[in-house]
Amino acid sequence: MMDKRDLAGSAIWVILSITALAASLRLGVGALRNPGPGFIPFLASLGLALCACLLLAFNLAAKKQAGRRENGAKDSARGNPLIVIAVLVLYGLALGKLGYLLTTFGLMMALFSLGKMKVRTVILGSVIASLASYFLFAYLLGTPLPGGILGY
Amino acid sequence: MDIVSGLFQGFSVALRFDNLIVVFAGCFLGTLVGVLPGIGPVGAISILLPITFQMEPAGAIIMLAGIYYGVMYAGSTTSILINVPGETASVVTCLDGYQMARQGRAGPALGIAAFGSFIAGTIGLIGLQLIAAPLSRTALKFGPPEYFAIMTLGFVFMTYLSHGSRIKAAIMVFAGLLLSSVGLDPITSEQRMTLGIPNLFEGIGVAPLAMGLFGVAEVLKNFETLASGNVVRVKIKNLFPTKLDWLQARWAIIRGTCVGFFLGILPGGGPVIATFVAYGVEKWAVRNPDTMGTGRIEGVAAPESANNAAASTSFIPLLTLGIPPNPVLAVLFGAFLIHGISPGPLLIRDHPDIFWGVVSSMYLGNVVLLILNVPLIPLWVQVLRIPGKVLYPLVLLFCVLGAYGINNNVFDIFVMLAFGIAGYLLNKKGYEAPPLILAFVLGPLFEVNLRRSLLISQGSFSIFITRPIALGVLICCFLLAIVPLYESWRRGKPRSRRLPT
């Protein structure tokens, strides 16, 4: 069981809006007859701050509500989004250095592996996905994909 | 140029072999996306946007528009067959559609959804071509205050009609406005909120943002349940509705079309809202409202007609005023700009080939979609058998390639990923992404028109009161903002005891 109120989320919005408010003031709000570059960011962050404070107030005033965890996700799969994010960060960092084909093969290996498929299927699927996407984007659509150390 | 000669020119563009191919490709991809639960039209259009970079502007817009109304056609398939909406505009179709399928009437449900969509889509198109030209001429008289008022109405409507908490929807609108101010100031060209990162000097791209919020966020969510997907097994027969089905559904189709037609035009409206309203109207109009939700064909015909009529008429504000009324068209608006074309009152005059080409292609697209969605429905059912563990890694690969392909820059992949993570977390906490993307796309226009209005009036807000159109629209905004507060006051229940909805 967990608390359904979103106190942390509301607080983050409040902090973000105050930061944006300060940044917009630094940019210069200007006058009404000549609004400056910070005018719209100021209005937007002010609106954000008001709504965030309102949300925080509602959440604080609300009784603690116990809510069930979302159904559907198996505990073993709960970490999958984190793994996907980590793999994508690594992919972005390696793409320029190792080239498209090699990094995409690695990416697809990692992603297909999360589906608990047979190793042979994972390897074959990754090879096909990398080569087919390379053919589609590099040859048919003319996207210059990074070559890296292998040159493709 | 009158409508007839415009249509002649439009069909001469749409019937070119290359454009026929893109009409078919757009409808095919739209149907595919509509059939597959998860990736909606915003995600699909943003993911496929880079593919259109090499195309002519008319062909590119024709294809992206085809994806949009293709999704509207096909979204009902999974709603009816497995009670899982292919996209948000088909959520209501689940209520009666799935019940019909359980009673062995999946065929007529799918059939009436397709025929209703065809009729409503075509009526919407006729409305589009009749209204667009006069509205464009009227829009030429609009100044910054009118544009500012219409965009404000869009934001207020989006917040008012959100599915969840209105405060959270408002937060998303303000966050979208803030994000849209990253980059150069549109009037003084000063740098704003770029954190000194050179890649942000030109602002955040709409495509990586949309791909992240809609594509990557959805994939991350689906990766949580990757191994537990069930393979769909259904049999479909008698796709053509009987005479009795037609008799029962005819008024529902007409009512749904009317609702969709008008809600599609409103800024902040669109197909999703139209389906809910159409279902509500149907419940009010039928003899035994309690039987709605038990497998009545009207419950399928009305929302499916409404979302297709709305999909057609939502092009009216985009093409005539240059104001996208919903998030899908906000991304399409971005596509117009990427191809160097500004949608708005001058589009018909300056680019008649594109305007009439797109309108005419939609007539062809409606026919293509009828073929794709009636005789070929068993083929789409096979698509439902693709397991998520194969599909979602491929969608993610397309997102990565799409983000990279915009500027051939890895930075865009990181932008997309950042918004993907944000979208995933926001979704978990009950925040909706559509208000953010609409505010993000409209933000620069909103800013320019507000600042210009204030410059013209030398800082006086009276400019919004002395101009009747601006005043009328702003009064609507005020009323829409006041109604929820009045409702909660009338109920007399202290909302502070409950979490805000």
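To be clear, the structure that these remarks concern was listed above.
The structure contained in this document is the topic of the report that follows. Quick caveat: nothing in here was measured; it's all calculated off a predicted structure.

### Looking at the overall build of chain A
Reasoning step 1: For chain A, the helix and strand inventory stands at five helices and four strands.
Reasoning step 2: Starting at the N terminus and ending at the C terminus, chain A contains elements arranged as β-α-β-β-α-β-α-α-α.
Reasoning step 3: Of all 152 residues assigned to chain A, the portion counted as buried reaches 43%.
Reasoning step 4: In chain A, the share of contacts with a sequence separation of at least 24, taken over all contacts with a separation of at least 6, comes to 58%.

### Let's talk about the interface of chain A and chain B
Reasoning step 1: Each partner contributes to the interface: chain A provides 65 residues, whereas chain B provides 61 residues.
Reasoning step 2: Both faces combined, the contact of chain A with chain B buries some 5500 Å², and carbon together with sulfur accounts for 78% of it.
Reasoning step 3: In terms of surface lost to chain B, no three residues of chain A exceed A:W13, A:I40 and A:F58, which account for 11% of the buried area on that side.
Reasoning step 4: Counting the contacts that link chain A with chain B gives zero salt bridges.
Reasoning step 5: At the boundary of chain A and chain B, one finds four residue pairs in polar contact (both at pLDDT 80 or more).
Reasoning step 6: If you list the elements that add at least two residues to the side of chain A that touches chain B, you get α1 (7-27), β3 (34-35), α2 (39-61), α3 (80-98), α4 (100-113) and α5 (119-140) of chain A.
Reasoning step 7: By residue number, the principal contributor to the side of chain A that touches chain B is α2(A), which donates 15 residues.
Reasoning step 8: Here the side of chain A that touches chain B is built from residues that sort into 44 nonpolar, 14 polar and seven charged.

### With respect to the nonpolar core
Reasoning step 1: Core analysis: the biggest nonpolar cluster contains 191 residues, and A:W13, A:Y100, B:L128, B:I204, B:L209 and B:F315 have the highest contact counts within it.
Reasoning step 2: Considering each element in turn, this core owes the most residues, 13 residues, to helix α4 (residues 57-74) of chain B.
Reasoning step 3: Those residues in contact with A:W13 that sit more than four places away from it in its chain are A:L48, A:A52, B:I171, B:M172, B:A175, B:L426 and B:Y431.
Reasoning step 4: B:L153, B:V156, B:V473 and B:L480 belong to the second largest nonpolar core, which has eight residues in total.

### So, a nonpolar patch on the surface
All names here are of chain B.
Reasoning step 1: Side chains of I475, F478, L479, I482, L485, Y486 and W489 sit close together on the surface and give an oily, nonpolar patch of about 790 Å² of accessible area.
Reasoning step 2: Mapped onto the fold, Y486 is located in helix α22 (residues 468-491).
Reasoning step 3: Judged by its relative accessible area of 45%, Y486 falls in the partly exposed class.

### Some details on the side chain of B:N326
All names here are of chain B.
Reasoning step 1: With respect to the secondary-structure elements, N326 resides in the loop between α14 (315-321) and α15 (327-338).
Reasoning step 2: There is a polar contact of 3.4 Å between the side chain of N326 and the side chain of Y68.
Reasoning step 3: Of the polar contacts made by the side chain of N326, one reaches the backbone nitrogen of V328; its length is 3.1 Å.

### Some details on helix α1 (residues 3-14) of chain B
All names here are of chain B.
Reasoning step 1: Between its first and last C-alpha, α1 extends 16 Å over twelve residues, near the 16 Å set by a 1.5 Å rise per residue.
Reasoning step 2: Three or more residues of α1 are buried, namely G6, L7, G10, V13 and A14. All buried residues of α1 fall inside an arc of 120 degrees around its axis, so they share one side. Opposite its buried face, α1 presents the exposed residues V4 and F8, each directed more than 90 degrees away.
Reasoning step 3: Buried residues belonging to α1 abut α2 (17-35), α4, α7 (106-139) and α17 (352-373).

### A few points about the packing of aromatic side chains
All names here are of chain B.
Reasoning step 1: This model, assessed by the stated rule, comprises 18 aromatic pairs over all chains.
Reasoning step 2: On the basis of an interplanar angle of 45 degrees and a centroid distance of 5.7 Å, the ring pair of F115 and F240 is categorised as tilted. With F115 in helix α7 and F240 in the loop between α10 (206-223) and α11 (243-265), this residue pair connects regions lying 125 residues apart in the sequence.
Reasoning step 3: Judged by relative accessible area, F240 falls into the exposed class, the value being 58%.

### As for helix α9 (residues 166-180) of chain B
An α-helical turn contains 3.6 residues, so a residue and the one three or four places further along point in the same direction.
All names here are of chain B.
Reasoning step 1: In this model α9 runs 21 Å from its N-terminal to its C-terminal C-alpha over 15 residues, within 8% of the 21 Å that 1.5 Å per residue would give.
Reasoning step 2: With 13 of 15 residues buried, α9 lies mostly within the body of the structure.
Reasoning step 3: Its side-chain oxygen 3.3 Å from the backbone nitrogen of I167, S165 forms the N-cap of α9.

### Structural notes on the environment of B:V219
All names here are of chain B.
Reasoning step 1: Tracing the backbone through its elements, the reader meets V219 in helix α10.
Reasoning step 2: Note on V219: relative accessible area 0%, which makes it buried.
Reasoning step 3: For the pair V219 and Q99, spaced 120 residues apart in the sequence, the C-alpha separation amounts to 29 Å.

Conventions and cut-offs
Residues numbered from 1 in each chain as written. Chains lettered and ligands numbered in written order. Predicted model: local features only at pLDDT ≥ 70, side-chain atom pairs only at ≥ 80, totals over all residues. Heavy atoms only, no water. Helix = DSSP H or I, 4+ residues; strand = E, 2+ residues; numbered from the N terminus. Buried < 20%, exposed > 50% of the residue type's maximum accessible area, 1.4 Å probe, protein only. Contact = heavy atoms within 4.5 Å. Buried area = accessible area lost by both parts, 1.4 Å probe. Salt bridge = Lys/Arg side-chain N within 4 Å of Asp/Glu carboxyl O. Polar contact = N/O pair within 3.5 Å; in protein donor to acceptor, adjacent residues only side chain to side chain. Nonpolar A, V, L, I, M, F, W, Y, C, P; charged D, E, K, R; others polar. Core = buried A, V, L, I, M, F, W, Y, C linked by side-chain atoms within 4.5 Å. Patch = residues over 30% accessible without salt bridge, like charges linked within 9 Å, V, L, I, M, F, W, Y side chains within 5 Å. Areas by Shrake-Rupley, 256 points an atom, 1.4 Å probe, with all protein chains shown as cover. Expected span 1.5 Å × (residues − 1). Arc of directions from axis to C-beta. Phe/Tyr/Trp six-rings, centres within 6.5 Å; stacked < 30°, edge-to-face > 60°.

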